[in-house]
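Structural characterization, general
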Amino acid sequence: MHGSDQLTRDLDILAAFNPENMARLIAALRDLHPYNSARPDLGELRTSPEELARYRNLYLGTDIGRLDVLGEIPPLSGYPEVAAEATTAEFLGATCKVISLDHLITIKESVGRPKDLLVVAELKAIRDRLRNEPRPPRGEHG
């Protein structure tokens, strides 16, 4: 969402892990036949919202690809901290919160894998360009 050229093969979302959210997640994914991507042999996900709420993260496969549902993303404290700094974007007709560029850089740096460090360099360049771009005066569209 921030403009990186690096290809990802999954979607990462951050969620508060509680029974209500997990029930909404199960309902939203029902038609996509979610399954535990680490144990596809177990078949479609049939875990209760209460049990899912005890997890820290969920790594799911679906009919349309992989979905990682994260309850925590070190070194940040979790959903409240990330949501407070998030930006918003329109996506498929819905308004979604998107992790801030600074938080994404912090997370990628902390993971430290070579592929993440390549993304960090790119994201920092994007951030620097955005900070240095002149913005049009209010009311003008460019």
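Everything here concerns the structure above.
Reference entry: report on the structure contained in this document. Only a predicted model underlies this, so the values are computations on that prediction, with no experimental measurement involved.

1. A few points about the overall build of the protein
For the protein, the count of helices and strands is 5 helices and 6 strands. Start at the N end of the protein and walk to the C end: the helices and strands fall as β-α-β-α-β-β-α-β-β-α-α. For the protein, the C-alpha atoms occupy an extent of roughly 55 × 40 × 30 Å along the three principal directions. Considering the protein as a whole, with its 142 residues, one finds that 26% of them fall into the buried category. Partitioning the intrachain contacts of the protein with sequence separation of at least 6 by distance along the chain shows that 58% fall at a separation of at least 24. As presented, the protein carries roughly 9900 Å² of accessible surface, and 53% of it is formed by carbon and sulfur atoms.

2. Brief notes about the layout of surface pockets
Over the atoms, a rolled probe matching the size of one water molecule traces out where space is still vacant. Here the second largest pocket defines a volume of roughly 190 Å³. Taken together, Asn 36, Leu 42, Gly 43, Glu 44, Leu 45, Arg 46, Thr 47, Tyr 55, Asn 57, Leu 58, Tyr 59 and Leu 60 make up the full set of residues lining the second largest pocket. Take the lining of the second largest pocket: its biggest share by element is 4 residues, from strand β3 (residues 57-62). Its residues placed into classes, the lining of the second largest pocket shows 6 nonpolar, 4 polar and 2 charged.

3. Structural notes on the side chain of His 103
Relative to the elements of secondary structure, His 103 occurs in helix α4 (residues 101-111). Judged by relative accessible area, which is 11%, His 103 ranks as buried. Not counting residues within four places of it along the chain, the set of residues in contact with His 103 comprises Leu 76, Glu 81, Val 82 and Glu 85.

What counts, and at which threshold
- Residues numbered from 1 in each chain as written.
- Predicted model: local features only at pLDDT ≥ 70, side-chain atom pairs only at ≥ 80, totals over all residues.
- Heavy atoms only, no water.
- Helix = DSSP H or I, 4+ residues; strand = E, 2+ residues; numbered from the N terminus.
- Buried < 20%, exposed > 50% of the residue type's maximum accessible area, 1.4 Å probe, protein only.
- Contact = heavy atoms within 4.5 Å.
- Areas by Shrake-Rupley, 256 points an atom, 1.4 Å probe, with all protein chains shown as cover.
- 1 Å grid on protein atoms, 1.4 Å probe; cavity = no way out; pocket = protein on both sides within 12 Å on 5 of 7 lines; lining within 4 Å.
- Points joined across faces, edges and corners; volume = space filled by probe spheres on them.
- Nonpolar A, V, L, I, M, F, W, Y, C, P; charged D, E, K, R; others polar.

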